[in-house]
2 protein chains.
Amino acid sequence: MRVDLLSTAVAPLGSGLGGGVEHMVIQAARQLNAQGHAVRIIAPLESAADVPELLTLPGRLAPTMIGHGHDRPLSIEADAFLVVALRRLMDQSQAGDVILNFSYDWLPLFLSDHLPCPLGTLVSMGSLNRSLDLEIRRIAACQPHRLAFLSAPQAASFGLAGPTRLIPPGLDLARYPYNAHPGPALGWLGRIAPEKGLEDAFALADRTGATVMAFGVMQDRAYWDRLVRRHPTAAVRYGGFLRMPALAEAVSQFRALLMTPKWLEAFGLVGIEALACGTPVIAYRRGGIAAYVDDGETGWLAEPDDLDGLCAAVERIPSIERAACRARVERSYTLAHYGTALADWLAALTAEPNGTEEAVA
Amino acid sequence: MRVDLLSTAVAPLGSGLGGGVEHMVIQAARQLNAQGHAVRIIAPLESAADVPELLTLPGRLAPTMIGHGHDRPLSIEADAFLVVALRRLMDQSQAGDVILNFSYDWLPLFLSDHLPCPLGTLVSMGSLNRSLDLEIRRIAACQPHRLAFLSAPQAASFGLAGPTRLIPPGLDLARYPYNAHPGPALGWLGRIAPEKGLEDAFALADRTGATVMAFGVMQDRAYWDRLVRRHPTAAVRYGGFLRMPALAEAVSQFRALLMTPKWLEAFGLVGIEALACGTPVIAYRRGGIAAYVDDGETGWLAEPDDLDGLCAAVERIPSIERAACRARVERSYTLAHYGTALADWLAALTAEPNGTEEAVA
């Protein structure tokens, strides 16, 4: 089959600013290609990825939905990347067999009934905006096979009734070295931005005396500087934005990974990256993280924003078997799992009982 | 033919808040119906109009583009009236033969290549936003017959090269009584809102001692109150929002109509309504008004925002023949003119060489 993957519209693929979605798009291309499909990623200009076919298109990047405001109207521009990309995808003469959409935007969802082939959307964030909520609920009601989610708590945030298709990301385990003997530092991974809650890592470092290594795209320098000024004695060190394989090497050295998002993290790719290296996860019980952090087995969960609980969890890190962390990923989050889930989804999308409206007419 | 008319999305039809476009939609329905077409207006809930078929659909009203900001992204909501209406118009099974779009919005333009029948847009305002400019220029370049404008200066504001189709509004002259013997007052018509420039009518009343009767929807009460406080001695009286036939009766009593918009008025329907009654127009030389105000024949034009010039023009009102004003409308702006222009446009739209993309596939 000819499969088009529509990448996130907020950043070029490979920039890191798209977060875990970038990983999911690229691995989807590779998995589906390995299954014999002709796969093409469509992504904004300046994207770069080691995949069989990457079509970059011009156009303004989309603003992120994070912090946009639940009730605020969405914004759109005539020369947006998504508009350019969807205009091309609507063109009958260039149509493939199926489109997998990884962008978190209204327009692809709205247009999904009017494309020359089925479009499935892998929803990559929880509920953030009422227009997107409405559109996701509309599709869930009439064509549920066109939606997939990363975790059950994420899907629940949209108020969906009935079962939903879950397609969590998968890792190439060969690229994540298991390390039974980590260093003394804790780790923190993610964009340096307020919604990721790095301030709690600073506070924890202050209280426990632990060293925390922070890695990720420096998206909000002023935010980082404020934290450093507010916690002058906290041993939090910024290590830059690491790519593979340096990222896995660093993560494998963490005694544990701290995950402190202030929002409903749909999944938290870095969590399974840590587990794959044998590194347990200490996190708030919020969003998709609980899918893979089994309390006492692969890490410890504190109640949301309970900093005392998070600090107490640091004391209990030694009780976690690092081998159990690795085993958790082997059991559920390998590339093979991801590829199988995508193949199932493609089959459901292309077996649509009525096809698209265009096909009926 | 089955013709769908998509009304303005900023207000219910009949509310007056849609301005001159409301008149154009309703008269288009009547003219095309009289030509034997099956015409349906699609308009927001709470619309009311004496037309053969009016389909009202739910959905949030669109914000007006006036004052939105040229470079600001457009806003959109999943449950907007336009989204609901266009979803229905995209439905093959309910498609008519042609759609005439009177809304000034990006979405109908963007979708016009992907509807089951041709969509023509009667552009009702000048350039206000870069996304709309881009989309209008794109269509002008590849399918110019899908666009019509109200006046040449309006079309020029989009930077279009080449000839454009002009479809100015037309009046039912029987409803506008000619009056050779007006009263002493000047008149002003329009929404009471800053972009209409009512402050210049107050200033003119102050300077010349003339009485000005103002009629229109009271959209911005605070603006009106500010003007009254700023010009305590100006004889400007608010007469409410008049509908026909009371509107024509009032206008026929004006010594002249003042038109003082601060923006590029695409046409200015009230201008020809005044002329039809024999009432000359005093206005700034800006936008579409110059199409029907021939200096010294049907009124006087001052340079844009030249208040001295506008006041001087008041002195010269007696030199205008009121019969010449009426004749100007009879020559160019009757319902017959409007109906013929619409019929020509329908013929061009339905004779598209390649039809729509869907028809080709």
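Scroll up to find the structure.
Residues numbered from 1 in each chain as written. Chains lettered and ligands numbered in written order. Predicted model: local features only at pLDDT ≥ 70, side-chain atom pairs only at ≥ 80, totals over all residues. Heavy atoms only, no water.

Caption draft 1: Examining the overall build of chain A more closely. If you tally the helices and strands in chain A, you get 13 helices and 13 strands. Here chain A has a C-alpha radius of gyration of 20 Å; the compact-globule value for 361 residues is 21 Å, and the two agree. Summarising its shape, the C-alpha atoms of chain A cover approximately 65 × 40 × 40 Å along the three principal directions. Across the 361 residues in chain A, those meeting the buried criterion constitute 59%. In chain A, once contacts between residues fewer than 6 apart in sequence are set aside, the share between residues at least 24 apart is 70%. About 13100 Å² of surface is accessible on chain A, with carbon and sulfur atoms providing 53% of the total. (Helix = DSSP H or I, 4+ residues; strand = E, 2+ residues; numbered from the N terminus. Rg over C-alpha atoms; globule rule 2.2 N^0.38 Å. Buried < 20%, exposed > 50% of the residue type's maximum accessible area, 1.4 Å probe, protein only. Contact = heavy atoms within 4.5 Å. Areas by Shrake-Rupley, 256 points an atom, 1.4 Å probe, with all protein chains shown as cover.)

Caption draft 2: Structural detail: the relation of the copies chain A and chain B. Between chain A and chain B, which share one sequence, the superposing operator has a rotation angle of 180 degrees and an axial displacement of 0.0 Å; the RMSD is 0.0 Å. Within this description, the copies of the chain are treated as partners about a two-fold rotation axis. By C-alpha distance to the rotation axis, the residue of chain A lying nearest is S75 of chain A, at 2.1 Å. Looking at the interface residues of chain A, 100% of them are also at the interface in chain B, so both copies use one shared face. (Least-squares fit on C-alpha atoms with pLDDT ≥ 70 in both.)

Caption draft 3: Representation of the nonpolar core in the model. By size, the foremost hydrophobic cluster in this structure holds 87 residues, and its most contacted members are L5, L100, F102, L122, L186, L198 and Y292 of chain A. The biggest single contributor to this core is helix α1 (residues 20-34) of chain A, with seven residues. The residue makeup of this core includes at least three contributed by each of domain 1 (2-170 + 335-360) and domain 2 (173-332) of chain A. Within the second largest apolar cluster, 86 residues are counted, among which are V39, W188, I272 and L342 of chain B. (Core = buried A, V, L, I, M, F, W, Y, C linked by side-chain atoms within 4.5 Å. Domains from an automatic or database assignment.)

Caption draft 4: Seen up close, the side chain of E135 of chain B. Within the element layout of this structure, E135 of chain B appears in helix α4 (residues 130-142). A polar side-chain atom of E135 of chain B sits 3.5 Å from the main-chain amide nitrogen of F110 of chain B. Ignoring any residue separated from it by four or fewer positions in sequence, one finds E135 of chain B in contact with A78 and R87 of chain A together with W106, L109 and F110 of chain B. (Polar contact = N/O pair within 3.5 Å; in protein donor to acceptor, adjacent residues only side chain to side chain.)

Caption draft 5: A look at the interface of chain A and chain B. Taken together, the 27 residues of chain A in the interface contact 27 residues of chain B. Summing the contributions of chain A and of chain B, the shared interface buries around 2500 Å²; its carbon and sulfur component is 60%. It is I76, R87 and F110 of chain A in chain A that bury the most area against chain B; as a group they hold 22% of the surface buried on that side. Between chain A and chain B we count six salt bridges in total. A salt bridge links R87 of chain B to E135 of chain A, with the nearest nitrogen and oxygen atoms 3.5 Å apart. (Buried area = accessible area lost by both parts, 1.4 Å probe. Salt bridge = Lys/Arg side-chain N within 4 Å of Asp/Glu carboxyl O.)

Caption draft 6: Inspection of the packing of aromatic side chains at higher detail. In total, this model carries 16 aromatic pairs over all chains according to the counting rule given. Taking the centre distance of 6.2 Å and the plane angle of 85 degrees together, the rings of Y292 of chain A and Y333 of chain A count as edge-to-face. Placement of Y292 of chain A in the loop between β12 (281-284) and β13 (299-302) and of Y333 of chain A in the loop between α11 (322-332) and α12 (335-350) is noted, with a sequence separation of 41 residues between them. The exposure class of Y292 of chain A is buried, given its relative accessible area of 0%. Measuring from centroid to centroid gives 5.8 Å for F149 of chain B and F158 of chain B, while their planes differ by 45 degrees, and the two rings are tilted. The class of F149 of chain B is buried, set by a relative accessible area of 1%. Owing to a relative accessible area of 0%, F158 of chain B belongs among the buried residues under this scheme. Within the aromatic cluster, the residues linked to one another by ring pairs are F202, W224 and Y238 of chain A. Over the ring of W300 of chain A we find R316 of chain A, and its NZ or CZ is 4.3 Å from the ring centre. (Phe/Tyr/Trp six-rings, centres within 6.5 Å; stacked < 30°, edge-to-face > 60°. Lys NZ or Arg CZ within 6 Å of the ring centre and 35° of its normal.)

Caption draft 7: Just unusual backbone geometry, in detail. All names here are of chain A. At the junction of M244 and P245, the peptide bond is cis and its omega measures out at 0 degrees in the coordinates. Note that P245 resides in the loop between β10 (235-238) and α8 (246-252). Phi is positive for E46, which is not a glycine, with a value near 75 degrees. Along the chain, E46 falls in the loop between β2 (38-44) and β3 (54-57).

Caption draft 8: Region of the structure containing α11 of chain A. All names here are of chain A. Considered for burial, the residues of α11 that qualify are R322, C325, R326, R328 and V329. Down the axis of α11, the buried side of the element spans an arc of 150 degrees, and every buried residue falls inside it. For α11, the elements touching its buried residues are α8 and α9 (269-276). (Arc of directions from axis to C-beta.)

Caption draft 9: Representation of the sheet that holds β10 of chain A within the structure. All names here are of chain A. With respect to topology, six strands assemble into an open sheet ordered β10-β9-β8-β11-β12-β13, the strand pairing being parallel. Each edge of the open sheet is held by one strand with a lone partner, namely β10 and β13. Within this sheet the neighbouring strands show an average axis-to-axis angle of 25 degrees, counted without direction. With four bridges joining them, strand β8 (residues 186-189) and strand β9 (residues 211-215) adopt parallel strand pairing. Its bridge partner lying in β9, G187 is registered against M213. Along the sheet, helix α6 (residues 198-208) makes contact with β8, β9, β10, β11 (257-259) and β12, crossing β10 at roughly 135 degrees. Against the sheet, helix α10 (residues 307-315) makes contact with β8, β12 and β13, and its axis sits at roughly 170 degrees relative to β12, the strand it touches most. (Pairing = 2+ DSSP bridges. Axes fitted to C-alpha atoms, helices over the stretch in contact; angles between N-to-C directions.)

Caption draft 10: Highlighting helix α6 (residues 198-208) of chain B. Those residues of α6 of chain B that sit buried are L198, D200, A201, F202, A203, L204 and A205 of chain B. With its phi angle positive at about 75 degrees, G209 of chain B sits one or two positions after the end of α6 of chain B.

Caption draft 11: Spatial organisation of the environment of P184 of chain B. Looking at the secondary structure, you find P184 of chain B in the loop between α5 (152-156) and β8 (186-189). As a C-alpha pair, P184 of chain B and F254 of chain B span 70 residues in sequence and 7.1 Å in three-dimensional space.

Caption draft 12: How the structure looks around the state of the cysteines. A full pass over the atoms with the stated rule returns zero disulfides over all chains. Not part of a disulfide, C142 of chain B finds its nearest cysteine sulfur in C117 of chain B, a span of 17 Å. (Disulfide = S-S within 2.5 Å.)

Caption draft 13: Just the pattern of salt bridges, in detail. Residue and element names in this part refer to chain B. As enumerated under the stated definition, the model contains 38 salt bridges over all chains in all. A salt bridge links R191 to E195; its shortest N-O distance comes to 2.8 Å. Its relative accessible area of 12% is what places R191 among the buried residues. Classification of E195 by relative accessible area gives buried; the value is 18%. With a closest N to O distance of 3.4 Å, E265 and K196 form a salt bridge. With E265 in the loop between β11 (257-259) and α9 (269-276) and K196 in the loop between β8 and α6, this residue pair connects regions lying 69 residues apart in the sequence. K196 sits in the buried class, given a relative accessible area of 14%.

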